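Observations on chain architecture
Each chain, letter by letter, is given below.
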Amino acid sequence: MLKLEVIKYQDRELLRDTSFETMTSDDWEKMISESTERSHNHRYFEVFKAIDGNTVVGYVSLYAHSPHIISCGPEIKPQYRRQGYAYQAESLALKISKSLGYTVAVAYIRESNSASIRLHEKLGFEQDGTFANEHNNKMRLYIKAL
């Protein structure tokens, strides 16, 4: 059964094969510090590692957009994808969000990311529009009441 644990500085090696692998030591340290303080740009922020048994299969981050709106970003290591871990990790993160008082979850997903679109639709998110981001990528906005 999957569980989430707050990420710590010494977890960097456990998160190889994720976007954390490319972070500089300074960026990693800043992210861990912000997660420990539960604040980024004066908003709630926290990062959890997703663990199945003794194996770290990925991570999930939470970031508040307002006192009521939160986004949740799972990333599962490639070798553990398509096994339900992203669904489990995001479900747990959304429960944490609800327990913290957030009432709406949002997700910004590239239109080319069909796996993430399927995941969010399976979790009950509804598409609320499309837009182009600052890199001119076509994006979808998904929302979900908690």
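Residues numbered from 1 in each chain as written. Predicted model: local features only at pLDDT ≥ 70, side-chain atom pairs only at ≥ 80, totals over all residues. Heavy atoms only, no water.

What follows covers the overall build of the chain. If you tally the helices and strands in the chain, you get 3 helices and 7 strands. Listing each helix as α and each strand as β along the chain from the N terminus yields β-α-β-β-β-α-β-α-β-β. For 146 residues, the compact-globule estimate of 2.2 N^0.38 gives 15 Å, and the C-alpha radius of gyration of the chain, at 15 Å, lies within 12% of that figure. C-alpha atoms of the chain, sized along the principal axes, occupy 40 × 35 × 35 Å. Within the span of the chain, comprising 146 residues, buried residues form 39% of the whole. (Helix = DSSP H or I, 4+ residues; strand = E, 2+ residues; numbered from the N terminus. Rg over C-alpha atoms; globule rule 2.2 N^0.38 Å. Buried < 20%, exposed > 50% of the residue type's maximum accessible area, 1.4 Å probe, protein only.)

Now for the layout of surface pockets. Volume-wise, the largest pocket comes out at about 1,200 Å³. Broken down by secondary-structure element, the contributors of at least two residues to the lining of the largest pocket are β3 (55-64), β4 (69-76), α2 (85-99), β5 (104-110) and α3 (114-122). Looking at the lining of the largest pocket, its residues break down into 17 nonpolar, 10 polar and 6 charged. (1 Å grid on protein atoms, 1.4 Å probe; cavity = no way out; pocket = protein on both sides within 12 Å on 5 of 7 lines; lining within 4 Å. Points joined across faces, edges and corners; volume = space filled by probe spheres on them. Nonpolar A, V, L, I, M, F, W, Y, C, P; charged D, E, K, R; others polar.)

Here we take up the pattern of salt bridges. Across all of its chains, the model carries 6 salt bridges by this definition. With its nearest N and O atoms 3.3 Å apart, the salt bridge here joins lysine 3 to glutamate 5. One salt bridge connects lysine 49 with aspartate 11, and the closest N-O pair in it is separated by 2.9 Å. Here lysine 49, found in strand β2 (residues 45-52), pairs with aspartate 11, found in the loop between β1 (2-6) and α1 (25-37); they are 38 residues apart in sequence, far enough to count as distant. Here the residues in one salt-bridge network are Lys3, Glu5, Asp11 and Lys49, joined through shared partners. (Salt bridge = Lys/Arg side-chain N within 4 Å of Asp/Glu carboxyl O.)

It is worth stressing that arrangement in space is one thing and function is another; only the former is reported here.
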